[in-house]
Amino acid sequence: MGIQTLIWQVTKKAFTGGVIGLTISDRFCSIVPVRGDSMSPTFNPQRDSYLNDYVLVDKFCLKEYKFARGDVVVFSSPTHYRERYIKRIVGMPGEWISSSEDVIRVPEGHCWVEGDNKASSLDSRTFGPIPLGLIQGRVTRVVWPPQRLSKIGG
């Protein structure tokens, strides 16, 4: 009976820890890898490196859609819901954006996002303004690798 009690206690603690971890990740903050060089030099400045930056994503901003021009956000792709992108907001609802082909007004409830490395970025210039509801959080810090530990934005 001793081993069964030990297994049960470990299982309960692991389950409780998992639920708490999932709640924190879903509601408050999470750590997300930055892949590719579309946000270089802000993230992954050494393009030939195999070491990706990892960033802390704040989710408190989602409560009332508190975003501003210049914020770096994580959002679900408007065309492939399982893909996530990290880009900078360059236009808010009601603002006019000059794209390579035209001048576009950002509709209400949407924002215009672009990568810092425009030559290598799939962003609003490709798929248009994104709904604010697709945003999953705002990037606040680089947390990995240790030598790149820094705050992002204001």
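Report follows, based on the coordinates. (Residues numbered from 1 in each chain as written. Predicted model: local features only at pLDDT ≥ 70, side-chain atom pairs only at ≥ 80, totals over all residues. Heavy atoms only, no water.)

**A short note on the overall build of the chain**
Looking only at helices and strands, the chain has two helices and 10 strands in total. In sequence order, the secondary structure elements of the chain are arranged as α-β-β-β-β-β-β-β-α-β-β-β. Scored against the burial criterion, the 154 residues of the chain give a buried share of 33%. Of the contacts formed within the chain by residues at least 6 apart in sequence, a portion of 53% connects residues at least 24 apart. Counting only carbon and sulfur atoms, one obtains 58% of the accessible surface of the chain, whose full area is about 9700 Å². (Helix = DSSP H or I, 4+ residues; strand = E, 2+ residues; numbered from the N terminus. Buried < 20%, exposed > 50% of the residue type's maximum accessible area, 1.4 Å probe, protein only. Contact = heavy atoms within 4.5 Å. Areas by Shrake-Rupley, 256 points an atom, 1.4 Å probe, with all protein chains shown as cover.)

**Focus: the packing of aromatic side chains**
A full pass over the atoms with the stated rule returns three aromatic pairs. Between Phe-75 and Phe-127, the aromatic rings sit 6.3 Å apart at their centres with planes inclined by 65°, giving edge-to-face as the arrangement. Of this pair, Phe-75 sits in strand S3 (residues 72-76) while Phe-127 sits in helix H2 (residues 124-127), and the two are 52 residues apart along the sequence. Here Phe-75 falls in the buried class, since its relative accessible area comes to 0%. Judged by its relative accessible area of 19%, Phe-127 is buried. With 6.1 Å between their ring centres and 20° between their planes, Tyr-85 and Phe-127 make a pair best called stacked. Note that Tyr-85 is positioned in strand S4 (residues 84-91) and Phe-127 in helix H2, a separation of 42 residues in sequence. Summarising the burial analysis for this pair, Tyr-85 and Phe-127 share the class buried. In textbook terms, an aromatic cluster arises when at least three aromatic residues are bridged by ring pairs, as seen for Phe-75, Tyr-85 and Phe-127. (Phe/Tyr/Trp six-rings, centres within 6.5 Å; stacked < 30°, edge-to-face > 60°.)

**As for the layout of surface pockets**
Roughly 230 Å³ of internal volume is contained in the largest pocket. Lining the largest pocket are 15 residues, with Pro-33, Arg-35, Arg-84, Tyr-85 and Ile-86 positioned closest to its centre. Taken together, the elements giving at least two residues each to the lining of the largest pocket come down to strand S1 (29-34) and S4. When the residues that make up the lining of the largest pocket are grouped by side-chain class, the tally is seven nonpolar, four polar and four charged. (1 Å grid on protein atoms, 1.4 Å probe; cavity = no way out; pocket = protein on both sides within 12 Å on 5 of 7 lines; lining within 4 Å. Points joined across faces, edges and corners; volume = space filled by probe spheres on them. Nonpolar A, V, L, I, M, F, W, Y, C, P; charged D, E, K, R; others polar.)

**Points about the environment of Asp-37**
Looking at the secondary structure, you find Asp-37 in the loop between S1 and strand S2 (53-58). On the accessibility criterion, Asp-37 (23% relative accessible area) is partly exposed. For the pair Asp-37 and Gly-115, spaced 78 residues apart in the sequence, the C-alpha separation amounts to 8.9 Å.

**Observations regarding the environment of Arg-35**
Here Arg-35 lies in the loop between S1 and S2. Owing to a relative accessible area of 55%, Arg-35 belongs among the exposed residues under this scheme. Taking the C-alpha atoms as reference points, Arg-35 and Asp-53, 18 residues apart in sequence, are found 7.8 Å from one another. Among all residues touching Arg-35, those that are not within four sequence positions of it are Asn-44, Asn-52 and Tyr-54.

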